[in-house]
Amino acid sequence: MLGAAAVPLASFGVALAAWYAVTYLVLSHERRFLLPPPHAVLTNSILDWTHLKPMLDALLVTTQVAAFGFVIAAAIGIGVGVLMSRALWLERAIYPYAVVLQVIPILAIVPLIGLWFGYGTFARVLVCVIIAAFPIITNTHFGLRSVDRGQHELFTLARASAWDRLVKLELPSALPSILTGIRTAAGLVVVGAIIGDMFFAKGDPGIGTLLDIYRSRLQSEDLFAAIVLASLLGVAVFTLFGALSRVLIGSWHSSADAAKK
């Protein structure tokens, strides 16, 4: 256990040392605001409740937006992936639009989103959905298309309905692939929420809104503290869904092994 943590701790120490070196050895005193030392960020911002509280409130707003966006993206992604798997012509009709939606830089369509849907919470959630839906769509579709042909033939012999085939065979078999897409989307949705905060400032401010404010005011210590909190949110979400995926995939493997026996 201690050995496993040694390498990350050592790399963290090297990163801190490099940070201090740039702050004190590279930057002059007048330009040190560009990269304040770690202890200044810690004492003047993170450990100062008057600075920390607005960040935590904003982080809660961003978390709520990301959660709403993720739920909607998961529902749309799985639904579209299932729809595409039903027939080849549906796949050819839908997939190009999903690809176009993914490859267009989100910043290029942000002005349109604001123009059409306003600059409030709905627009922020929509950005999350646009960013997070594609990996769920593609992984769901891939998983459903990869179901063993022999199992399909068994369901055909049993004269199973299309619904039974989907619920009892295809979705359970595609679960590892679907969870991979969901885990990827969980990390992207936080990025989408922060981008939405930056461009759609109407309503309660999110952490992205504060990042933009701190940047414009040259509050570098608060800026770095907000970046740290936003990064921790992303890491926490990705870790949570990674652990959930491992648990569910472990259960899936156990069920598959039991079925084979």
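Residues numbered from 1 in each chain as written. Predicted model: local features only at pLDDT ≥ 70, side-chain atom pairs only at ≥ 80, totals over all residues. Heavy atoms only, no water.

## As for the overall build of the protein
Item 1. Within the protein, the regular secondary structure consists of ten helices and zero strands.
Item 2. Across the protein, helices and strands are ordered from the amino to the carboxyl terminus as α-α-α-α-α-α-α-α-α-α.
Item 3. Computed over the C-alpha atoms, the radius of gyration of the protein is 23 Å, more than 25% above the 18 Å expected from 2.2 N^0.38 for a compact globule of 261 residues.
Item 4. Referenced to the eigenvectors of the C-alpha coordinate spread, the extents of the protein come out at roughly 80 × 55 × 30 Å. (Helix = DSSP H or I, 4+ residues; strand = E, 2+ residues; numbered from the N terminus. Rg over C-alpha atoms; globule rule 2.2 N^0.38 Å.)

## Quick notes on the packing of helix 4 (residues 88-103) against helix 6 (residues 121-145)
Two numbers describe a pair of packed helices, the interaxial angle and the distance between the axes.
Item 1. Closest axis-to-axis distance for the helix 4/helix 6 pair is 10 Å, and the angle between their directions is 150 degrees. The angle between the axes of helix 4 and helix 6 places the two elements in the roughly antiparallel class. Here the hand of the crossing between helix 4 and helix 6 comes out left-handed. On the side of helix 4, the interface is formed by Leu88, Glu91, Tyr95, Ala98, Val99, Leu101 and Gln102, while helix 6 contributes Ile130, Ile131, Phe134, Ile137, Thr138, His141 and Arg145.
Item 2. Taken together, the residues of the contact of helix 4 with helix 6 break down into nine nonpolar, three polar and two charged. (Axes fitted to C-alpha atoms, helices over the stretch in contact; angles between N-to-C directions. Parallel < 35°, antiparallel > 145°, perpendicular 65-115°, else oblique. Left-handed = near helix turned anticlockwise from the far one by under 90°. Contact = heavy atoms within 4.5 Å. Nonpolar A, V, L, I, M, F, W, Y, C, P; charged D, E, K, R; others polar.)

## Brief notes about the packing of helix 3 (residues 49-86) against helix 6
Item 1. Taken N-terminus to C-terminus, the directions of helix 3 and helix 6 make an angle of 35 degrees; their axes are 6 Å apart at the nearest point. Both helix 3 and helix 6 take part in a crossing whose hand is right-handed.
Item 2. Classifying every residue of the contact of helix 3 with helix 6 gives 20 nonpolar, seven polar and two charged.

## With respect to the layout of surface pockets
Item 1. The calculated volume of the second largest pocket comes to roughly 230 Å³.
Item 2. The wall of the second largest pocket is formed by Phe12, Ala15, Leu16, Trp19, Pro38, His39, Val41, Leu42, Ile46 and Val228.
Item 3. Put simply, the parts of the chain that give the lining of the second largest pocket at least two residues each are helix 1 (2-26) and helix 2 (38-46).
Item 4. At five residues, the largest contribution of residues to the lining of the second largest pocket is made by helix 2. (1 Å grid on protein atoms, 1.4 Å probe; cavity = no way out; pocket = protein on both sides within 12 Å on 5 of 7 lines; lining within 4 Å. Points joined across faces, edges and corners; volume = space filled by probe spheres on them.)

## Observations regarding the nonpolar core
Item 1. Grouped together as the largest cluster of nonpolar side chains are 47 residues, with contacts concentrated most on Met55, Phe70, Val189 and Ile207.
Item 2. For this core, the elements supplying multiple residues, two or more each, are helix 3, helix 6, helix 8 (162-199), helix 9 (207-217) and helix 10 (220-260).
Item 3. Examining the composition of this core, we find that eleven residues originate from one element, helix 3, more than from any other.
Item 4. Contact partners of Met55, with chain neighbours within four places excluded, come to Ser45, Ile207, Leu210, Tyr214, Asp222, Ala225, Ala226 and Leu229. (Core = buried A, V, L, I, M, F, W, Y, C linked by side-chain atoms within 4.5 Å. Buried < 20%, exposed > 50% of the residue type's maximum accessible area, 1.4 Å probe, protein only.)

## Concerning helix 4
Item 1. For helix 4, built from 16 residues, the straight-helix expectation of 22 Å at 1.5 Å per residue is met to within 8% by its first-to-last C-alpha distance of 22 Å.
Item 2. Along helix 4, the helix axis deviates most sharply at Ile94, where the bend reaches about 30 degrees; the proline Pro96 sits within four residues downstream. (Expected span 1.5 Å × (residues − 1). Bend = angle between axes of the 7 residues up to and from the residue.)

## Things to note about the side chain of Thr209
Item 1. Counting through the fold element by element, Thr209 comes out in helix 9.
Item 2. A polar side-chain atom of Thr209 sits 2.8 Å from the main-chain carbonyl oxygen of Asp197.
Item 3. With residues near it in sequence (within four places) discarded, Thr209 still touches Asp197, Met198 and Ala201. (Polar contact = N/O pair within 3.5 Å; in protein donor to acceptor, adjacent residues only side chain to side chain.)

## As for the environment of Phe33
Item 1. Along the chain, Phe33 turns up in the loop between helix 1 and helix 2.
Item 2. Accessibility expressed as a relative area gives 37% for Phe33, which makes it partly exposed.
Item 3. A C-alpha to C-alpha distance of 8.8 Å links Phe33 and Thr23, two positions ten residues apart in sequence.
Item 4. If near-sequence neighbours (up to four positions away) are discounted, Phe33 is found in contact with Leu218 and Ser220.

## Looking at the packing of aromatic side chains
Item 1. Here the structure, examined in full by the defined rule, presents seven aromatic pairs.
Item 2. On the basis of an interplanar angle of 10 degrees and a centroid distance of 6.2 Å, the ring pair of Tyr20 and Tyr24 is categorised as stacked. Here Tyr24 and Tyr20 lie together in helix 1, a separation of four residues that amounts to about one turn.
Item 3. In this structure Tyr20 comes out as partly exposed when scored by relative accessible area, which is 30%. (Phe/Tyr/Trp six-rings, centres within 6.5 Å; stacked < 30°, edge-to-face > 60°.)

## Some remarks on the side chain of Ser177
Item 1. Inspection of the secondary structure puts Ser177 in helix 8.
Item 2. Excluding residues that lie within four positions of it along the chain, Ser177 makes contacts with Asn139, Phe142 and Gly143.

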